[in-house]
Every structure is written in C-alpha cells, then in structure tokens.
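Here is how the chains run, residue by residue.
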Amino acid sequence: MNKKTILSALIISSVSVGAHAANADVDWFVGGGVGYQADNIKGEYTGGDDDATFQLRGGAIINENHRVMGTYAYMDELSQNTFLASYDYIHPVSEKFSVFAGASIGAADSEINNQSSTEFVWGGQAGVMYRINSNWSAELAYRYLDQDYQLHGVKINDTQQVYMSVDYRF
C-alpha cells in the first residue's frame, strides 16, 4: 500500500470523525509522556540509535471510542523532533481498562552527522489505557513509524517507541 493511499484514508477518516463530532460527546485532553525510542539506521553513522523520548500531546476523545490527537516528540540522540497526527479506535475491556490501536502520519526532523533533514513518517500504534478517574488516564503503548530519511549515504528505515503517558481530560 503506498503512502498516498494511507494518507488519503487517514484524512478521509479524520474528516468523517470530525463531521460526527458536532453531535457527539467530546472530551478534550492534554498530556505528556516518556519512553524509549530505537531508530533503524543504515549507512555511515557512528552515533547512537536509541534514547529516551519525551512527548507532549493533545486532542479529543469522541464518544469514548475515537481519539484524534496531535503529538510532539523529542529524542536527544538524533536531535529528532517528530510531529504526528493520529487516530485511534478505543475499545473498553472493563470500566477502568481499554485497549486501542490506530494510525499516525507526520514529519520527523532528524540530525545525523551534523546534517539535518525533515522527512515524512507514517505508521501505527497500539496499547492499553487505564482510566484513573473522570479526568486522568494513563497509557502504555508501542508505536512503529516508517521513515523516509536518506541523506549523504545514511538512511533511517524506521522508528520504534515504547512509551507511557498521562492525560488530563477537560
């Protein structure tokens, strides 16, 4: 499946969810997280390819089953700044626990061998969410992102993250 097809499907899904949001129960949220990130780097690069990742995020949960979110993530090892738009389907397992899976698209600005480039990224995530109370929730998740970084003989094939985040619902 090519990137344009995936991008088109995600945009159509977001517009469709947005159209239903006018008549929906919407909970806005903000949050932050921390985790571990590993990049699959090929070519002449002597630095590290894994480090901690820090995230800030915000968005909306619509009818308790649909989440649209914007995320900014930073990884120090590659001076990598990632900006993502995501959609997740949330499935409740119990009153406190839910599982979710979804897709993300965006851009990553990475610096390798003192060369910086901003490239398209896309992928998906899955995880488990715990509802602490009516305003607070925590989640543990895994995200895979395909990357298009290729500069001066160095290529980032993909990024994998395991992260924990805490969100506050308004």
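Here's what I pulled together on the structure shown here. Nothing here was measured: the structure is a model prediction, and the numbers come from that model.

A count of helices and strands for the chain gives one helix and nine strands. Taken from the N to the C terminus, the helices and strands of the chain come in the order α-β-β-β-β-β-β-β-β-β. The buried share of the chain, reckoned over its 170 residues, is 39%. Considering only intrachain contacts with a sequence separation of at least 6, the fraction spanning at least 24 residues in the chain is 57%. About 8700 Å² of surface is accessible on the chain, with carbon and sulfur atoms providing 59% of the total.

So, on to the pattern of salt bridges. Considering all chains together, one arrives at seven salt bridges under this definition. As a salt-bridge pair, Asp 27 and Arg 169 come within 3.2 Å of each other at their nearest N and O atoms. Of this pair, Asp 27 sits in strand 1 (residues 26–43) while Arg 169 is found in strand 9 (residues 154–169), placing the two residues 142 residues apart along the sequence. Under the relative-accessibility criterion, Asp 27 is labelled buried at 15%. Note that Glu 64 and Arg 131 form a salt bridge whose closest N and O atoms lie 3.5 Å from each other. With Glu 64 in the loop between strand 2 (50–62) and strand 3 (66–75) and Arg 131 in strand 6 (residues 115–131), this pair connects stretches of sequence that are 67 residues apart.

On to a negative patch on the surface, then. On the surface, Asp 49, Asp 50, Asp 76 and Glu 77 cluster together into a negatively charged patch. Structurally, Glu 77 is set in the loop between strand 3 and strand 4 (80–92). Looking at Glu 77, the relative accessible area reads 34%, which means it is partly exposed.

Although it is not a glycine, Ser 79 sits at a positive phi angle of roughly 45°. With respect to the secondary-structure elements, Ser 79 resides in the loop between strand 3 and strand 4. For Ser 79, a relative accessible area of 28% puts it in the partly exposed group. Its identity is not glycine, yet Asn 113 carries a phi of approximately 50°, on the positive side. Within the secondary structure layout, Asn 113 lies in the loop between strand 5 (97–112) and strand 6.

This part takes up the side chain of Ser 137. In this fold, Ser 137 is placed in strand 7 (residues 136–147). The class for Ser 137 is buried, based on a relative accessible area of 3%. In this structure, Ser 137 is in contact with Met 129, Tyr 130, Arg 131, Ile 132, Ser 165, Val 166 and Asp 167, ignoring residues within four places of it in sequence.

Evaluated as defined, the whole model comprises four aromatic pairs. Taking 5.7 Å as the distance between ring centres and 85° as the angle between the ring planes, the aromatic pair formed by Tyr 168 and Phe 170 counts as edge-to-face. Through pairs of rings, three or more aromatic residues link up here, namely Trp 136, Tyr 168 and Phe 170. The ring of Phe 100 is capped by Arg 67, whose NZ or CZ atom sits 4.6 Å from the centre of that ring.

Cut-off values and rules
Residues numbered from 1 in each chain as written. Predicted model: local features only at pLDDT ≥ 70, side-chain atom pairs only at ≥ 80, totals over all residues. Heavy atoms only, no water. Helix = DSSP H or I, 4+ residues; strand = E, 2+ residues; numbered from the N terminus. Buried < 20%, exposed > 50% of the residue type's maximum accessible area, 1.4 Å probe, protein only. Contact = heavy atoms within 4.5 Å. Areas by Shrake-Rupley, 256 points an atom, 1.4 Å probe, with all protein chains shown as cover. Salt bridge = Lys/Arg side-chain N within 4 Å of Asp/Glu carboxyl O. Patch = residues over 30% accessible without salt bridge, like charges linked within 9 Å, V, L, I, M, F, W, Y side chains within 5 Å. Lys, Arg positive; Asp, Glu negative; His and termini not counted. Charge placed at Lys NZ, Arg CZ, Asp CG, Glu CD. Phe/Tyr/Trp six-rings, centres within 6.5 Å; stacked < 30°, edge-to-face > 60°. Lys NZ or Arg CZ within 6 Å of the ring centre and 35° of its normal.

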